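Residue strings, one per chain:
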Amino acid sequence: MAFFDNLFRKKSVPDAIATAETEHLGVTLEKNLSVRDLTALGIAAIIGAGIFSTIGSASANGGPAVVFLFIFTALACGFAAFAYAEFASLLPVSGSAYTYSYVAFGELIAWIIGWALIMEYAVGNITVAVSWSGYFTSLCESAGWHIPSWATIDYVSARDGFAEANGLILAGKTMAELTYSQREVLEAWSYAPKLGAMRLILDIPAIVMSILMTALVYIGIKESKNAGNVMVVLKLIVVALVIIVGVFYVDTANWHPFAPNGFGGVMAGVSSVFFAYIGFDALSTTAEECKNPQRDLPKAMVNSIIVCTILYILIALVLTGMVNYTELNVNDPLAFVFDRIGLKWFSGVIAVSAVVAMAGVFLVFQIGQPRIWMTMSRDGLLPKPFSRIHPRFKTPAFATIVTGFFVVVPMLFIPSDTVLDLCSMGTLFAFVLVCAGVLKLEMTPGAPRGKFRTPYINGKWVFPALVFGIVAYLLMMHRDDTMAWVRNDRVIYEAETIMSHLNENEIKGIKTQVAAADSAGLAATSGDLAEYLGALDDATYASTVAAMNVQDDHKFESGWALFQHKIPMWLFVFTCLYIMVLAFRHSLSLIPMLGLVFCFYMMAQIPAHSWFGFFIWLLVGLVIYFGYGYRNSKLNRA
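Quick caveat, the model's predicted, so the values are computed rather than measured.

Across its full length, the chain holds 30 helices and four strands. Expected size for 638 residues packed as a compact globule is a radius of gyration near 26 Å; at 25 Å, the chain falls within 12% of this value. Its C-alpha atoms give the chain principal-axis dimensions of about 80 × 60 × 50 Å. At a minimum sequence separation of 6, the contacts of the chain that also span at least 24 residues come to 83%. Mean positive and mean negative side-chain charge positions of the chain (40 and 45 charges, respectively) differ by 13 Å.

Next comes the structure, spelled out in structure tokens:
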């Protein structure tokens, strides 16, 4: 029993504040940040790789309707911002979600959230580096210097992308009919140099930039408040120019259909869109330097979210209006669309600005991650070298080197979309726990509370009503789809997915079957089987696929292969039911409940394989905690 109790030993609020003061050796940080400064820092952190890169993949999935996902994500982040602000007023120290969890839930949960934040910063910077590489490559192309495709992509993405593109070619598509990104991947795999049977494929610009930025962080590069404000101005000017210039090239025909892939297509971009908001929570780490954190932090968080949401919506509408949404799945969408319409000079301006802006974002995040290692080490949860300060450069030297490895090594073999999912997972997990922490304080008699409190709206009846209302809507308006989901009925793959599973002989056999049944229809698509299948209505498509003489697992997703993708959503359902009971019993505040539920829902939309990767990361962390942190914790020694 004592062992279990020790897992959840907590820091008191006075101890957490005293620890911060001790770490500064009695010297307090200068309190000089106002609402304006904090809002500028929030915008600087938010507007980075999200608006310059991941907005492209989100638009490719959801079409113009991706704007609704931006609004939904902004609401979720807004609810979470209140929870962060409440903890910041209670604990005006620079520990963010890690320290908050230490006080609200205890050491084990604090370790888990700290370990998740390490992953967030690491994989987040991988995404930033890959995005930076896309714009750098675009800039080099405009200057007449061609970087081979195999030197600008990771190995797994090239391998999987080649299989998909090759399947489409076998099905009848020509190279010209493939998307730009599909042609790039095909070229990367086909022309990559070989070491024996192994193809040499790696994103060289991203790796070189990561190494150089880590070296700068090691020797003590810092961004002052004024430099951060200058960076904000640069980003806002570029975004404003994109909107102002781009609106004159919008073709409203590209907005039809507005939601080409339905609700599922919109939500498929949840990781990309949420990544665009990552950064506002970093404001909570400046609590010790705010003039009035109880008043200014909530305002700054909400202000930065509102400003960035408006900009994101306008950018998404302009991008999907300038070119068809299917062409936007590229690393440099802003530069790409202007290059696509012939404004190469403007594409170059965007590329230069993005290279500078995203390098700055990478630098800030790369400075942040070693500080997390350092903080956990000071609490005794990691070995002392992680908190060792370089005598000359005054930086956490060992932790910075480890941070560099955590960014560069995974970049060699982890696909960029998986990296994006893992980053969003880590951040959403932190948001969920911070919102849960506020609810925990509400349910704990005599719990300490800060000066700022999340506006109280009694959720005793409202939250259960929302849950029952959503269930009723699904059963009344989408009964068949809902019940098919619950029963785990098999699902037909899309045409392009089927083609990527088949070999050349199987595709030839299907073409023969289709030609026998509808030779005129196949001829109308010039023999392009994927295009022919994609044009069929749902019922005809289902019967055509069912008649294909290939294995069922090439045509349908069913059984465990299908159910495993639903596990996150089932976890979400049970979480909602549990919170509904707590809301009724304790009259909990509605806003932190909605923050928790909205963020958990977005986590549930992330593919199951990314959840698996996240749990593997947490399992590694638990091994380290029980092997070292548990017995070396300062609370344990005390």
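This part takes up the packing of aromatic side chains. Scanning all chains against the criterion turns up 32 aromatic pairs. With a centroid separation of 4.4 Å and an interplanar angle of 10 degrees, the aromatic rings of W115 and W617 are classed as stacked. Separated by 502 residues along the polypeptide, W115 in helix α7 (residues 107–142) and W617 in helix α29 (residues 608–632) bring together distant segments of the chain. Across the pair, exposure class does not vary: W115 and W617 are buried alike. With a centroid separation of 6.2 Å and 45 degrees between ring planes, the pair formed by F572 and F600 is classed as tilted. Highlighted residues: F572 in helix α27 (residues 567–586) and F600 in helix α28 (residues 590–604), separated in sequence by 28 residues. Of the two residues examined, F572 and F600, each falls in the buried class. Grouped by ring-pair contacts, the aromatic residues F72, F79, F429, F572, F598, F600, Y601, W611, F614 and F615 constitute a single cluster.

With that out of the way, let us pick up helix α19 (residues 462–477). Taking 1.5 Å as the rise per residue, α19 with 16 residues should run 22 Å; its terminal C-alpha atoms sit 22 Å apart, in good agreement. When we look at burial in α19, the residues that qualify are F463, P464 and V467. The buried residues of α19 all sit within an arc of 110 degrees when viewed along its axis, so they share a single face. Facing away from the buried side of α19 by over 90 degrees, the exposed positions are M476 and M477.

Turning our eyes to something else, we now look at unusual backbone geometry. Between H256 and the following residue, P257, the backbone shows a cis peptide bond with an omega angle of 0 degrees. Its identity is not glycine, yet N488 carries a phi of approximately 65 degrees, on the positive side. Within the fold, N488 resides in the loop between α20 (479–487) and β3 (491–492). The exposure class of N488 is buried, given its relative accessible area of 18%. Even without being glycine, S587 reaches a positive phi, approximately 50 degrees. Mapped onto the elements, S587 comes out in the loop between α27 and α28. S587 gets classed as partly exposed once you look at its relative accessible area, which sits at 22%.

Once that is clear, we can look at the side chain of T152. Relative to the helices and strands, T152 is located in the loop between α7 and α8 (155–170). Polar side-chain contacts of T152 include one of 3.0 Å to the backbone oxygen of S149. Setting aside anything within four residues of it in sequence, one finds T152 in contact with T137, I147, L202 and D203.

Between its terminal C-alpha atoms α27 stretches 28 Å, which fits the 28 Å expected from 20 residues at 1.5 Å a residue. Within α27, the full set of buried residues consists of P568, M569, F572, C576, I579, M580, L582 and A583. Residues of α27 that are buried make contact with α18 (416–443), α19, α20, α28 and α29. Where α27 terminates, the next one or two residues include S587, which has phi positive at roughly 50 degrees.

What follows deals with the packing of α19 against α27. Where α19 contacts α27, the two axes come as close as 8 Å, and the packing angle between them is 150 degrees. Here α27 runs roughly antiparallel to α19, going by the angle between their axes. The interaxial crossing formed by α19 with α27 has left-handed handedness. Contacts between α19 and α27 involve F463, P464, V467 and F468 from the first element and C576, I579, M580 and A583 from the second. The residue inventory of the contact of α19 with α27, partitioned by class, reads eight nonpolar, no polar and no charged.

The next thing to look at is the side chain of S210. Along the chain, S210 turns up in helix α10 (residues 204–218). Looking at S210, its side chain comes within polar contact range of the main-chain oxygen of A206, at 2.7 Å. Filtering out sequence-adjacent residues up to four positions away, S210 remains in contact with A129, F362, V407, V408 and M411.

Turning next to the nonpolar core. Ranked by size, the top nonpolar core spans 168 residues in total, and within it F52, F70, Y135, Y312, I315, L334 and F463 carry the most contacts. If sequence neighbours within four positions are ignored, Y312 has contacts with I46, I47, I51, I55, F70, A276 and Y277. Counting residues in each nonpolar core, the second largest holds 24 residues, with I507, L533, V550 and F556 among its members.

Attention now moves to the pattern of salt bridges. Going through the model one piece at a time under the given rule, you end up with six salt bridges. With its nearest N and O atoms 3.1 Å apart, the salt bridge here joins R159 to D160. For R159, a relative accessible area of 39% corresponds to the partly exposed category. Among the salt bridges present, the one from D489 reaches R487, with a minimum N-O distance of 2.9 Å. The class for D489 is partly exposed, based on a relative accessible area of 30%.

So, on to the confidence of the model for the chain. Counting all residues, the mean pLDDT for the chain is 82, and 92% of those residues have values of 70 or more. For the stretch residues 24–29, pLDDT sits under 50, and the model shows five contacts to residues farther than four places along the chain or on other chains. Ignoring residues within four places in sequence, the model shows residues 221–225, a span with pLDDT below 50, making eleven contacts including any to other chains.

About the cut-offs
Along each chain, residue indices are assigned from 1 in the same order as the chain's sequence is written. Residues qualify for local features only when their pLDDT is at least 70, as the model is predicted, and side-chain atom pairs are given and counted only at 80 or more; totals for whole chains, interfaces and linings, by contrast, use all residues. To get the side-chain values, all heavy atoms of the structure are used, and hydrogens and water are removed first. Numbered from the N terminus, helices here are DSSP runs of H or I no shorter than four residues, and strands are runs of E no shorter than two. In this setup the radius of gyration rests on C-alpha atoms only. A globule is expected at 2.2 Å times the number of residues raised to 0.38. Any two residues whose heavy atoms approach within 4.5 Å at even a single point are treated as in contact. Two residue types count as positive, namely Lys and Arg, and two as negative, namely Asp and Glu; His and chain ends fall outside the count. Think of each charge as sitting on NZ of Lys, CZ of Arg, CG of Asp or CD of Glu. Between 30 and 60 degrees the pair is tilted, below 30 it is stacked and above 60 it is edge-to-face, where a pair is any two Phe, Tyr or Trp rings, Trp via its six-membered ring, whose centres lie within 6.5 Å. Relative accessibility under 20% of the residue-type maximum defines a buried residue, over 50% an exposed one, and the middle range a partly exposed one, all with a 1.4 Å probe and only protein chains included. Every helix has an expected span of 1.5 Å times one less than the residues it contains. The arc in question is formed by the directions pointing from the helix axis toward the C-beta atoms. The term polar contact refers here to a pair of N or O atoms within 3.5 Å; inside protein, the definition further demands a hydrogen-donor-capable atom paired with an acceptor-capable atom, and it admits residues adjacent in sequence only when both atoms are side-chain atoms. Inter-axis angles, ranging from 0 to 180 degrees, are taken between N-to-C directions of lines fitted to C-alpha atoms, where helices are fitted over the stretch in contact. Working definition: roughly parallel below 35 degrees, roughly antiparallel above 145 degrees, roughly perpendicular at 65 to 115 degrees, and oblique for all remaining angles. When the near helix sits turned anticlockwise from the far one by under a right angle, the crossing is termed left-handed; a clockwise turn instead gives a right-handed crossing. Amino acids are sorted into nonpolar (Ala, Val, Leu, Ile, Met, Phe, Trp, Tyr, Cys and Pro), charged (Asp, Glu, Lys and Arg) and polar (every other residue, Gly among them). Here the nonpolar core consists of buried residues drawn from Ala, Val, Leu, Ile, Met, Phe, Trp, Tyr and Cys, with membership extended through side-chain atoms lying within 4.5 Å. By convention in these notes, a salt bridge is any Lys or Arg side-chain nitrogen within 4 Å of a carboxyl oxygen on Asp or Glu. Scored from 0 to 100, pLDDT reflects the predictor's confidence in each residue.

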